Amino acid sequence: TYLLAQSQDWLGRPDHAQETLRDRLAKQPNDPRAAALLDDLRFRERQDTRFFWTQSHQSDKLVIDTLAVEHNVRFGDGRTTIGPRYIFQNYDPSPRQGGRILVNRPGVYARHRFNDRVEWTGQAFVDLIRPESVPFAPARDHAIFTYDTWLTLWPHDKVRVYAGSNRTTFDNAKSLQR
């Protein structure tokens, strides 16, 4: 029963895993593995906030600093997750490529597992792009709607199919200045 619940969780169905574990603990209340896994599943249902920072050095001397924060709220025994996102990016090219570019990306994330065979995930942002190409000149801001969404289908245990769509800005200075 413990392995069944663990497999259900790994397959993205923590709701089924919790039901299996509750049934197990009703019959054998002293099962420490079942109790620990149920506690873990309940813990993962809590809201969480994450911060992260990365720095990327490109071959053309472009340095990209990214600072991000995300918050997740889960519903439906872990089958649904929604939350706000914010990403700040600083594109710092070499001096001959022009000035740096600042990108603020407020957005939202959502995921829902409909059943054993279908899950949808999506995120949308407004990329607020500010090139600082000429010192002391007014910067030209522009906004671009970006998104990434996909549908995952599991027609069989050995087959997983993804269908998705996205719109992104590129991670180079020239494309962001346009």
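In this report, the structure presented in the accompanying data block is examined.

With that settled, the discussion passes to the packing of helix 2 (residues 14-27) against helix 3 (residues 32-44). As a packed pair, helix 2 and helix 3 sit with axes 10 Å apart at the nearest point and diverge in direction by 145°. For the element pair helix 2 and helix 3, the recorded crossing hand is left-handed. Only Ala 34, Ala 35, Leu 37, Leu 38, Leu 41 and Arg 42 of helix 3 make contact with helix 2, whose side of the interface consists of Pro 14, Ala 17, Gln 18, Leu 21, Arg 22, Arg 24 and Leu 25. Of the residues that constitute the contact of helix 2 with helix 3, the class distribution is nine nonpolar, one polar and three charged.

Another aspect to go through is the environment of Ala 143. Relative to the assigned elements, Ala 143 resides in strand 6 (residues 142-156). When its relative accessible area of 51% is taken as the criterion, Ala 143 is described as exposed. Ala 143 has contacts with Val 126, Asp 127 and Leu 128, leaving out every residue within four places of it along the chain.

A word on a nonpolar patch on the surface. Where nonpolar side chains cluster on the molecular surface, the patch consists of Val 126, Leu 128 and Phe 145 and spans about 240 Å² of accessible area. Looking at the element boundaries, Val 126 is found in strand 5 (residues 118-131).

Ordered by their spatial adjacency, seven strands build an open sheet running 1-2-3-4-5-6-7, and the pairing between neighbours is antiparallel. What marks the edges here is a single partner per strand, and that holds for strand 1 (48-57) and strand 7 (159-167). Strand-to-strand twist across the sheet, computed as the mean angle between neighbouring axes with direction ignored, equals 15°. With 11 bridges connecting them, strand 2 (residues 63-75) and strand 3 (residues 80-92) associate as antiparallel partners. Looking at the pairing, Ile 64 lines up with Tyr 91 of strand 3.

Quick notes on the rules
Residues numbered from 1 in each chain as written. Predicted model: local features only at pLDDT ≥ 70, side-chain atom pairs only at ≥ 80, totals over all residues. Heavy atoms only, no water. Axes fitted to C-alpha atoms, helices over the stretch in contact; angles between N-to-C directions. Helix = DSSP H or I, 4+ residues; strand = E, 2+ residues; numbered from the N terminus. Left-handed = near helix turned anticlockwise from the far one by under 90°. Contact = heavy atoms within 4.5 Å. Nonpolar A, V, L, I, M, F, W, Y, C, P; charged D, E, K, R; others polar. Buried < 20%, exposed > 50% of the residue type's maximum accessible area, 1.4 Å probe, protein only. Patch = residues over 30% accessible without salt bridge, like charges linked within 9 Å, V, L, I, M, F, W, Y side chains within 5 Å. Areas by Shrake-Rupley, 256 points an atom, 1.4 Å probe, with all protein chains shown as cover. Salt bridge = Lys/Arg side-chain N within 4 Å of Asp/Glu carboxyl O. Pairing = 2+ DSSP bridges.

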